[in-house]
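# Overview (structure and organization)
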Amino acid sequence: MTRLVTLACLLLALPVLGVLASWLAPDAASMQVLRHQFETVLPAYARNSVLLTVAVAVGVSLIGSVTAALVSLFDFPGRRWLEWALLLPLAMPAYVLAYAATDFLAYSGPLQMTLRELTGASGALWPDVRSLWGAALMFILCLYPYVYLLTRAALSERGVHLMEAARMLGAGTMRRIREVALPLARPAIAAGVALALMETLADYGVSSYFGLQTFTTGIYKAWLVMNDADAAAQLASMLLALVALLMWLERRSRRRHGFATSRRSAQHSDEAQPLRLRGAAALLAVSCCALPVLLGFVLPVLVLLRLLWQEMQADQTGLLGGLPWSRFIPWALTSFKLAGLAALLTTALALLLAFSLRLPASKSASRKGRFGRASLRIGAHIVSLGYAVPGAVIAVGILLPVAWLQRHWPEAGTTALVTGTLFGVMYAYLVRFSAVALQSVDAGYARLSTHLDESARMLGSSRMRIFTRLHAPLLRRAALSAMLLVFVDVMKELPATLVLRPFNSDTLAVVAYQLARDERLAEAALPSLAIVLVGLAPVLLLSRSLRQPRVVPPG
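This structure is a prediction, so every number in the text was calculated from the model and none was measured. (Residues numbered from 1 in each chain as written. Predicted model: local features only at pLDDT ≥ 70, side-chain atom pairs only at ≥ 80, totals over all residues. Heavy atoms only, no water.)

### Section: the overall build of the protein
Basically, it comes down to this: The helix and strand labels rest on DSSP assignments: H or I over at least four residues marks a helix, E over at least two residues marks a strand, and numbering proceeds from the N terminus. The criterion used for residue contact is that any of the two residues' heavy atoms lie within 4.5 Å. Areas reported as accessible are Shrake-Rupley estimates using a 1.4 Å probe. Residue values count occlusion only from the protein chains shown.
Of regular secondary structure, the protein possesses 25 helices and two strands. Sequence separation of at least 24 residues holds for 81% of the intrachain contacts in the protein that already meet a minimum separation of 6. When the accessible surface of the protein is totalled, it reaches about 27300 Å², and 65% of it is carbon and sulfur.

Written out as structure tokens, the structure is:
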């Protein structure tokens, strides 16, 4: 089983290796293409990507850290409700938010029309939202929960009673925040910002819809428009380098994210209470926490519902704005089928990989056995990196080796196996989302003591029996959580699905993107709302787990 799992992990590394292999044997034509990129489009790709990431980094760090500090360290009216409401924008894909914002804030949108009627003004009241800064705002509103979650977890551990201790020593509120809360949360903020930036660099829907020239949109233009595989691979490798840098920064911040906590202090941490805010301070805290929820979730949902209602009111043929229910249902079923199958496969792989890593290494293992176990660890590391690889890179990484094989062995039929087939799109999902399932399963295994395995082996249980009769029942919740998270991620995934999906089997994400690209925003409202509705499931599950009290072991 170890060899099989290791082989599966190495297969998941092929797309990244395929992208990097484009630099191994550069020819004159590819170097000419690279030189042409540097002289024409590459500066714009780099400039827009850097400006976008800088703006998103500043925005998510500010909103995420401030809201996390407010709900963790202070008490004010509505705090319990806002604790979980601040997670709701996680259910809103950035490209769906972009569709809603374009309709609401455009020159012909309801907001500008109302303001022009009230003020008598003419012309556009603000710049077009389809811009670099508009895209940055979309990402900030959707991705700040990454920083909020990690910062809140860091501050919840020791923030309240450390702030209380600083207050008793005479430190003022601003000094306590500056010298206690900020250093405590700084590693978590850095990790959250890195995760948000990886999502930003991986995006295709917002950048394409707003007409921005970024690395991701450039990859698709080079591959699908200019039919230049070398240019697409080179751009993909540059994007991969940026993502690798962010991952290194995130891991470095995680190593610093550790604070010694004695059991005595943990047992008495609940004695310290958040600082109660009153009057104007409480109103300001409520406003700061409610505004991101309003702009990132409530208003976009209302805009989509308004569009949907208008189409239903104007529809006289029993169709929803030219979108028949008979076509919407197959799109939804295709999305559920792909997401369900991907959830099952990724969770199964994660369970096998985590169990193989949990098996104790034999002291008398041969050199071959030690090599196999080292290969398994490397494979686990490769799987854990998959979520950081953008969908555009995965798509190019899959198609490049396939094209090479097709040129050298035309009779193999590799192109027909991967492009436009269920196998190809499922392969991309396994590369992209196995890390999500593995993280959840690893968290479940972390709660199981290895003494259980030792006791079972002493009673003569085989490895398979230990897994099926002991681990599987105890890991049921972790496995279900992994399946749910992967299911929702696949429902929202756009770039790899757009290129590799089977023919005549569009998903809700692809349909919403295509309708919005054709300026049929009202028709895009229905699939967009369906994606948001499915995305609420893990958000509610996450908010429920955060509200559960932590049990501190005695002694």
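### Looking at the environment of Ala-530
Considering the arrangement of structural elements, one finds Ala-530 in helix 25 (residues 521–547). A sequence separation of 198 residues divides Ala-530 from Ala-332, and the C-alpha atoms of the two residues are 8.3 Å apart. Leaving out residues up to four positions away in the same chain, Ala-530 has contacts with Phe-328 and Leu-508.

### Thoughts on the side chain of Ser-72
The condition that has to hold: Any pair of nitrogen or oxygen atoms within 3.5 Å is treated as a polar contact; in protein, a donor-acceptor pairing is required on top of that, and neighbouring residues in sequence qualify only through side-chain atoms on both sides.
For Ser-72, the location among the structural elements is in helix 4 (residues 42–73). Among the polar contacts listed, one links the side chain of Ser-72 to the backbone oxygen of Ala-68, at a separation of 2.8 Å.

### What about a nonpolar patch on the surface?
Note the following rule: Within this analysis, patches are made of residues with over 30% relative accessible area and no salt bridge. Like charges are joined at 9 Å or less; nonpolar side chains (Val, Leu, Ile, Met, Phe, Trp, Tyr) at 5 Å or less. We define a salt bridge as a contact between a side-chain nitrogen of Lys or Arg and a carboxyl oxygen of Asp or Glu at a distance within 4 Å. Each residue gets one of three labels from its accessible area relative to the maximum for its type: buried under 20%, exposed over 50%, partly exposed in between, using a 1.4 Å probe on protein chains only.
A cluster of nonpolar residues, Leu-291, Leu-294, Leu-295, Val-298, Leu-302 and Leu-305, forms a patch on the protein surface that exposes about 470 Å² of accessible area. With respect to the secondary-structure elements, Leu-291 resides in helix 14 (residues 279–314). The class for Leu-291 is partly exposed, based on a relative accessible area of 46%.

### Quick word on the packing of helix 17 (residues 391–408) against helix 19 (residues 422–446)
Note the cut-off: Axis definition: a line fitted to C-alpha atoms, over the contacting stretch in the case of helices. Angles run 0 to 180 degrees between N-to-C directions. Every angle not falling under 35 degrees, over 145, or within 65 to 115 is termed oblique; those three ranges are roughly parallel, roughly antiparallel and roughly perpendicular. Each crossing gets its hand from how the near helix is turned against the far one by less than a right angle, where anticlockwise is left-handed and clockwise is right-handed. When residues are sorted by character, Ala, Val, Leu, Ile, Met, Phe, Trp, Tyr, Cys and Pro go into the nonpolar class, Asp, Glu, Lys and Arg into the charged class, and all the rest, Gly among them, into the polar class.
Two elements in contact, helix 17 and helix 19, have axes whose closest approach is 10 Å; the angle formed by their N-to-C orientations is 130 degrees. Classified by the angle their axes make, helix 17 and helix 19 are oblique. Crossing angle aside, the handedness with which helix 17 passes helix 19 is right-handed. Contact residues: Gly-391, Ile-394 and Ile-398 in helix 17; Gly-424, Tyr-427, Ala-428, Val-431 and Arg-432 in helix 19. Broken down by class, the residue content of the contact of helix 17 with helix 19 amounts to five nonpolar, two polar and one charged.

### Remarks on the packing of aromatic side chains
What counts here: Any pair of Phe, Tyr and Trp rings, taking the six-membered ring for Trp, is counted once the centres come within 6.5 Å. Such a pair is stacked with planes under 30 degrees apart, edge-to-face with planes over 60 apart, and tilted for the rest.
Taken as a whole and assessed by the stated rule, the structure comprises 10 aromatic pairs. Taking 6.0 Å as the distance between ring centres and 75 degrees as the angle between the ring planes, the aromatic pair formed by Trp-81 and Trp-84 counts as edge-to-face. Here Trp-81 and its partner Trp-84 are both found in helix 5 (residues 79–85), three residues apart, which amounts to about one turn of the helix. By relative accessible area, which is 47% here, Trp-81 ends up partly exposed.

### Some points on helix 6 (residues 94–105)
So the rule is basically this: A helix's residues, less one, multiplied by 1.5 Å, set its expected span.
Taking 1.5 Å as the rise per residue, helix 6 with 12 residues should run 16 Å; its terminal C-alpha atoms sit 16 Å apart, in good agreement. Within helix 6, 10 of the 12 residues are buried, which leaves the element mostly enclosed by the surrounding structure. Burial in helix 6 covers these residues: Ala-94, Tyr-95, Val-96, Leu-97, Ala-98, Tyr-99, Ala-100, Ala-101, Thr-102 and Asp-103.

### Points about the state of the cysteines
For clarity, the cut-off: Sulfur atoms of two cysteines make up a disulfide when they are within 2.5 Å.
In this structure the tally under the stated criterion is zero disulfides. Left without a disulfide partner, Cys-289 is nearest to the cysteine sulfur of Cys-288, which lies 6.7 Å away. Classification of Cys-289 by relative accessible area gives buried; the value is 0%.

### Section: the nonpolar core
Put simply, the rule reads: Among buried residues, the Ala, Val, Leu, Ile, Met, Phe, Trp, Tyr and Cys ones that are joined through side-chain atoms within 4.5 Å form a nonpolar core.
By size, the foremost hydrophobic cluster in this structure holds 163 residues, and its most contacted members are Val-60 and Phe-76. Take this core: its biggest share by element is 14 residues, from helix 8 (residues 132–168). Not counting chain neighbours up to four residues away, the residues in contact with Phe-76 comprise Leu-70, Val-71, Leu-82, Arg-276, Leu-277, Ala-282, Ala-285, Val-286 and Cys-289.

### What about helix 11 (residues 215–225)?
Across the 11 residues that make up helix 11, a large majority, eight, are buried. By the burial criterion, the buried members of helix 11 are Phe-215, Thr-216, Thr-217, Gly-218, Ile-219, Tyr-220, Ala-222 and Trp-223.

### Remarks on unusual backbone geometry
Of note, Glu-519 is a non-glycine position whose phi angle comes to about 65 degrees, a positive value. Within the secondary structure, Glu-519 sits in the loop between helix 24 (508–517) and helix 25.

### Concerning the pattern of salt bridges
For the structure on display, the rule yields 10 salt bridges. Put simply, Glu-83 and Arg-80 hold a salt bridge, and the shortest N to O gap is 3.8 Å. Taken together, the residues span about one helical turn, with Glu-83 and Arg-80 both in helix 5 at a distance of three residues. With a relative accessible area of 8%, Glu-83 lands in the buried category. Across the pair Glu-523 and Arg-520 runs a salt bridge, and its minimum N-O distance is 2.6 Å.

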